[in-house]
Amino acid sequence: AGPAPAAPLGAAHAAAARRQLAARPARLVAMSSPDGAYTLPDSFEDAAEKCSRTVASVLESGISKMRVDFDTSAGDITYTTLRNSLPIARVLTLQLAQKLCVGEDGQPRGRLQVLMPDEGTAALIAREWAPPPTVRPACIARFRVPDDATACLVVAPTALDAAALGALLNADAIASGAVPLIVLNPQLVDMSTGALGLEGRALIKRMASELQDVFVLQTLPGAAITRTYPGNFAIWQEDRAAPGGFKFVRDDSKRPSAFSVSEELMQADSAAPGFIREIGQFIKGLQRL
């Protein structure tokens with residue numbers, strides 16, 4: 001008998017993400033702050049549902065340019081940011097297509113543009129996801145916003161996509177807010193060198209000023225940063241003695257950098273058992289951000 005057929009791309013990645021979460025219950029578990037204002041999700045499905053619900057709510061509020069960070073890798077670099085982004089990208093694609101591309105009469109109107117860093121991935125998801133006709137996968141390079149665009153979802157843009165993403169922000173339809181823009185898991189540092197070019201640096205500053213951080217689930221080795229708009233950012237620290245494995249540290253109205261979280265936890269945990277052994281892994285994870 002021949003080998004079993006491979007699972008569709010999106011389903012395979014979603015299943016892998018679920019297995020990763022199940023294998024690391026201390027990395028992403030149901031936890032709440034003491035006052036119940038902040039929570040960590042208990043599964044990929046729970047996190048994805050909260051993410052898609054938040055994006056839909058923000059769109060209804062009139063905000064048209066937003067950023068979503070959905071990273072449950074906890075610093076594990078086995079897979080690329082793009083590959084890790086595909087499960088949540090698929091969830092968002094289907095939700096946005098239903099919300100934005102179907103009229104009250106049930107008839108299709110316009111198309112959601114799902115932009116990938118390369119032509120190969122765009123073609124692959126067009127085939128493997130079997131998206132509805134209201135979804136158009138494309139490569140961000142040389143992309144122009146078509147007249148029938150209802151929104152643009154940019155998935156895991158890299159340093160190589162800085163110029164294209166900048167051009168997209170300049171497009172009349174995006175700049176005016178007529179066509180919403182959602183940027184998922186941007187990774188604008190050149191991972192081959194660890195450098196941040198002038199173009200990438202300028203784009204990061206521009207994104208910080210123009211894009212609203214609407215949903216953040218960023219796991220680090222031993223820590224996590226979360227946000228659900230319009231709430232504050234919350235910092236969590238892994239604590240094996242705490243119920244569920246995490247303890248709430250504090251919240252902040254401004255987005256904390258991974259390095260500031262590193263410094264804070266280093267000061268708080270410098271006397272903890274295993275600190276010296278684990279801090280190297282922690283810093284390596286931060287260098288990816």
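Residues numbered from 1 in each chain as written. Predicted model: local features only at pLDDT ≥ 70, side-chain atom pairs only at ≥ 80, totals over all residues. Heavy atoms only, no water.

## Considering the overall build of the chain
The condition is simple: Numbering of helices and strands starts at the N terminus; helices are DSSP runs of H or I of at least 4 residues and strands are runs of E of at least 2. A simple rule labels every residue: compare its accessible area, found with a 1.4 Å probe on the protein chains alone, to the largest value its type can have, and call it buried under 20%, exposed over 50%, or partly exposed in between. Here a residue-residue contact requires only that any non-hydrogen atoms of the pair lie within 4.5 Å. Under the convention used here, a 1.4 Å probe and the Shrake-Rupley method define accessible areas, while residue burial counts only the protein chains that appear.
Helix and strand counts for the chain come out as nine helices and 11 strands. The buried share of the chain, taken over its 289 residues, is 47%. Excluding contacts between residues fewer than 6 apart, the proportion of contacts in the chain whose partners are at least 24 apart in sequence is 65%. With the model as given, the accessible surface of the chain reaches about 14,100 Å², and the carbon-plus-sulfur share is 54%.

## Some thoughts on the sheet that holds strand 4 (residues 111-116)
What counts, and what does not: Think of it this way: DSSP has to see at least two bridges between two strands before they count as a pair. Axis geometry follows a simple rule: fit a line to the C-alpha atoms, using only the stretch in contact for helices, then measure angles between N-to-C directions, giving values from 0 to 180 degrees.
Strands sit in the order 5-4-6-7-3-8-9-10-11 across an open sheet of nine strands; the sheet is mixed. Only two strands of the sheet have a single neighbouring strand rather than two, namely strand 5 (135-139) and strand 11 (246-252). Put simply, the sheet's adjacent strands are angled 20 degrees from each other on average, direction ignored. Of the pairings in the sheet, the one linking strand 3 (residues 65-71) to strand 7 (residues 181-184) comprises four bridges and is parallel in character. If you follow R67 over to strand 7, its bridge partner there is V183. Packing against the sheet, helix 5 (residues 162-170) makes contact with strand 3, strand 4, strand 6 (149-155) and strand 7, and its axis sits at approximately 160 degrees to strand 7.

## Section: the environment of E210
Selection criterion: Polar contacts, as counted here, are pairs of nitrogen or oxygen atoms within 3.5 Å of one another; within protein the pair requires one atom able to donate a hydrogen and one able to accept it, and residues that are adjacent in sequence qualify only if both atoms are side-chain atoms.
Turning to its location among the elements, E210 is positioned in helix 7 (residues 198-210). Among the polar contacts listed, one links the side chain of E210 to the side chain of R206, at a separation of 2.8 Å.

## Digging into the pattern of salt bridges
It is possible for side chains of opposite charge to pair when their charged atoms get near one another. In plain terms, the rule: For this analysis, a salt bridge means a side-chain nitrogen from Lys or Arg found within 4 Å of a carboxyl oxygen belonging to Asp or Glu.
By the definition in use, this model includes 10 salt bridges. Salt-bridge contacts for R53 lead to E49; the nearest nitrogen and oxygen are separated by 2.5 Å. With R53 and E49 both in helix 2 (residues 44-61) and four residues apart, the pair spans about one turn of that helix. In this structure R53 comes out as partly exposed when scored by relative accessible area, which is 46%. D69 is the salt-bridge partner of R67, the closest N and O atoms lying 2.7 Å from each other. D69 shares its class with R67; the two are buried. Beyond isolated ion pairs, a larger network of salt bridges with shared partners links R67, D69, D213 and R255.

## Considering the confidence of the model for the chain
Heads up, the condition is: pLDDT runs from 0 to 100 and stands for how confident the predictor is about each residue.
Looking at the chain, the pLDDT average stands at 81 and 77% of residues meet or exceed 70. Between residues 1-29, whose pLDDT stays under 50, and residues either more than four places distant or in other chains, the model counts 50 contacts. In this model, residues 275-289 is a region of pLDDT below 50 whose contacts with residues beyond four sequence positions or in other chains number 31 contacts.

## Let's talk about the nonpolar core
Quick reminder of the rule: The nonpolar core is taken to be a set of buried Ala, Val, Leu, Ile, Met, Phe, Trp, Tyr and Cys residues, with the residues joined through side-chain atoms within 4.5 Å.
The biggest cluster of nonpolar side chains holds 42 residues, and the ones touching the most others in it are V55, V68, F70, M116 and V155. Considering each element in turn, this core owes the most residues, eight residues, to helix 3 (residues 81-100). Counting 21 residues, the second-largest nonpolar core is a separate cluster that includes A149, V154, I174 and L203.

## Considerations on the pairing of strand 5
With five bridges joining them, strand 4 and strand 5 adopt parallel strand pairing. Looking across to strand 5, one finds that L112 is bridged to V135.

## Digging into the packing of helix 5 against helix 7
As a reminder, the rule being used: Helix crossings are classified by the rotation of the near helix relative to the far one: an anticlockwise turn of less than a right angle makes the crossing left-handed, while a clockwise turn makes it right-handed.
In contact at an axis separation of 10 Å, helix 5 and helix 7 are set at 35 degrees when each is read in the N-to-C sense. Like other packed secondary-structure pairs, helix 5 and helix 7 cross with a definite hand, here left-handed. Residues A162, A163, L165, G166, L169 and N170 of helix 5 form the contact with helix 7, whose own contacting residues are E199, G200, L203, R206, M207 and E210.

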